[in-house]
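# Residue-level structure breakdown
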Amino acid sequence: MAQTSVDTQWEQPGISKKLKQLTTVVSPLNPVQKGYLFAGLIGAILLLMAITAVAGLTQAFLYIIGIGFGLALLHAKFGFTSAFRRLLAVGNVQGLQAHMVMLAVATTLFGIIFATNFSFNGVALSGNVAPIGISLVVGSFLFGVGMQMGSGCASGTLYSVGGGKSSMVLTLLGFIAGSVIGAYHFIFWTEQTPSLPAVSLADTTGLGYGGGWVVQMLIFLGIYGLTVKYAQKKNPPSMKPLPTTNGWKKLWRGAWPLMTAGIVLALLNGLTLMVKGSPWGITSAFALWGSKFVSLFGVDVASWGYWQGNTEALQTTVLADATSVMNFGILFGAFIAAAAQGNFKPGKIKPGIAASSIIGGLMMGYGARLAFGCNIGAYFSGIASFSLHGWVWMIMALAGSYLALFIRPIFGLKNPNPKDSMC
């Protein structure tokens, strides 16, 4: 099924013009939302000044890139969790198609950057290329289950917290706790279980970035073509459109089409690679935050194998950690976007959803450490880095997501229904 924008989705039969008028126009901001927006802008600027003063201009630039990620993610409600769930539950392929476009653009950018060794300030470049073994398989499967239980992946958790979804705060706390436990067990999984070496479709195969690019493009085109055929066969419900507005206001108040957001995310990831020297990642910061916290209680986290060679991060401010400042940027970017839309409205959390959020966060945090990354570090940035482990991560996360479809109703979470008009 071809990707449709939030505007054209409403032209489908059965959707009245009155309903369109009620739900596609963003209402004017009330004083409370204006207050949130003002506070978000002031807070973002103050943190930018602090990062610049403490960690320098490069960290400040990465923080700004993080804000860009947060804006794009929230404006499009760009999902990895929801894309997998819609695909597996009802056969809706719109999210996965957006993933393929995003990955194709990112792979092209990464190939050019790596081939030319182009970076800012002469920083050394390295991709997210990781080994393929039991650790990866188990970790990505657990992450797939966890992302459906927690109703959000790594990026989804951050932008949902910034956007005011109360239950995702519990998911984030579970995520951090799971990351710490995963860091503690990291050496067992990576050194005591079978594993194959890392495989790069550009370097290991000898194809180079040009040949690796061709292979990846063929895979993207193949998956996209299969999704088109699959959607024609399943005739699934379309994604529910997001509230939108017209003109230039659409940029900061309305919804962005998935394809547009996917391209923006790819461009920002390429920029991240050139500035930071490595692609976008999220969850290593969770392990850092959690490890710093438990160290306050006398836990010798510096002795853990996960931190060997990087104990300096435990001793310095988190503002010196590139992943952390980008995560802070995502939170602020999403908060600002939600406030600008008038949608920052935290609500109550049902007990079942609270339990599911914590469990899902724990599973994702633990799984991300085992799998050398999350939906961003392993799937998005891994595949864009020509790493085979990114494709393995995708397959196992889909398998975990499928299992979670049967678990979610126990906690009061709904799955898309083929009989729904929209999903």
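First, a word on scope: everything that follows refers to the structure included in this document.

## Some points on the packing of aromatic side chains
Within this structure, the stated rule accounts for 26 aromatic pairs. Taken together, a centroid distance of 5.7 Å and an interplanar angle of 15° make the contact between Phe114 and Tyr209 stacked. Here Phe114, found in helix α5 (residues 94–116), pairs with Tyr209, found in helix α9 (residues 208–234); they are 95 residues apart in sequence, far enough to count as distant. Given a relative accessible area of 23%, Tyr209 falls into the partly exposed group. Here the aromatic rings of Tyr306 and Trp307 are separated by 5.0 Å at their centres, their planes lie at 90°, and the arrangement is edge-to-face. Among the aromatic residues, ring-to-ring pairing joins Phe78, Phe80, Phe84, Phe143, Phe175, Phe286, Trp289, Phe328, Tyr379 and Trp393 into one connected group.

## Describing the environment of Ala89
Tracing the sequence through the fold places Ala89 in helix α4 (residues 81–90). Expressed as a C-alpha distance, the spacing of Ala89 and Tyr402, which sit 313 residues apart in the sequence, is 8.0 Å. With residues near it in sequence (within four places) discarded, Ala89 still touches Leu405, Pro416 and Pro418.

## Quick look at the environment of Phe220
Inspection of the secondary structure assignment puts Phe220 in helix α9. Spatially, the C-alpha atoms of Phe220 and Asn417 are 27 Å apart, while their sequence positions differ by 197 residues. The contact partners of Phe220, leaving out residues within four places of it in the chain, are Met100, Leu103, Ala104, Thr107, Ile383 and Trp391.

## Concerning the environment of Trp307
Looking at where Trp307 falls in the secondary structure, it is placed in the loop between α12 (283–295) and α13 (312–315). We classify Trp307 as buried; its relative accessible area is 3%. Between the C-alpha atom of Trp307 and that of Thr272, which follows or precedes it by 35 residues, the distance is 23 Å. Each residue touching Trp307, except ones within four places of it in the same chain, is listed here: Ala287, Leu288, Ser291, Val301, Ala302, Ala313 and Leu314. Only 3.1 Å separates the side chain of Trp307 from the side chain of Ser291, close enough to count as a polar contact.

Rules of the game
- Residues numbered from 1 in each chain as written.
- Predicted model: local features only at pLDDT ≥ 70, side-chain atom pairs only at ≥ 80, totals over all residues.
- Heavy atoms only, no water.
- Phe/Tyr/Trp six-rings, centres within 6.5 Å; stacked < 30°, edge-to-face > 60°.
- Helix = DSSP H or I, 4+ residues; strand = E, 2+ residues; numbered from the N terminus.
- Buried < 20%, exposed > 50% of the residue type's maximum accessible area, 1.4 Å probe, protein only.
- Contact = heavy atoms within 4.5 Å.
- Polar contact = N/O pair within 3.5 Å; in protein donor to acceptor, adjacent residues only side chain to side chain.

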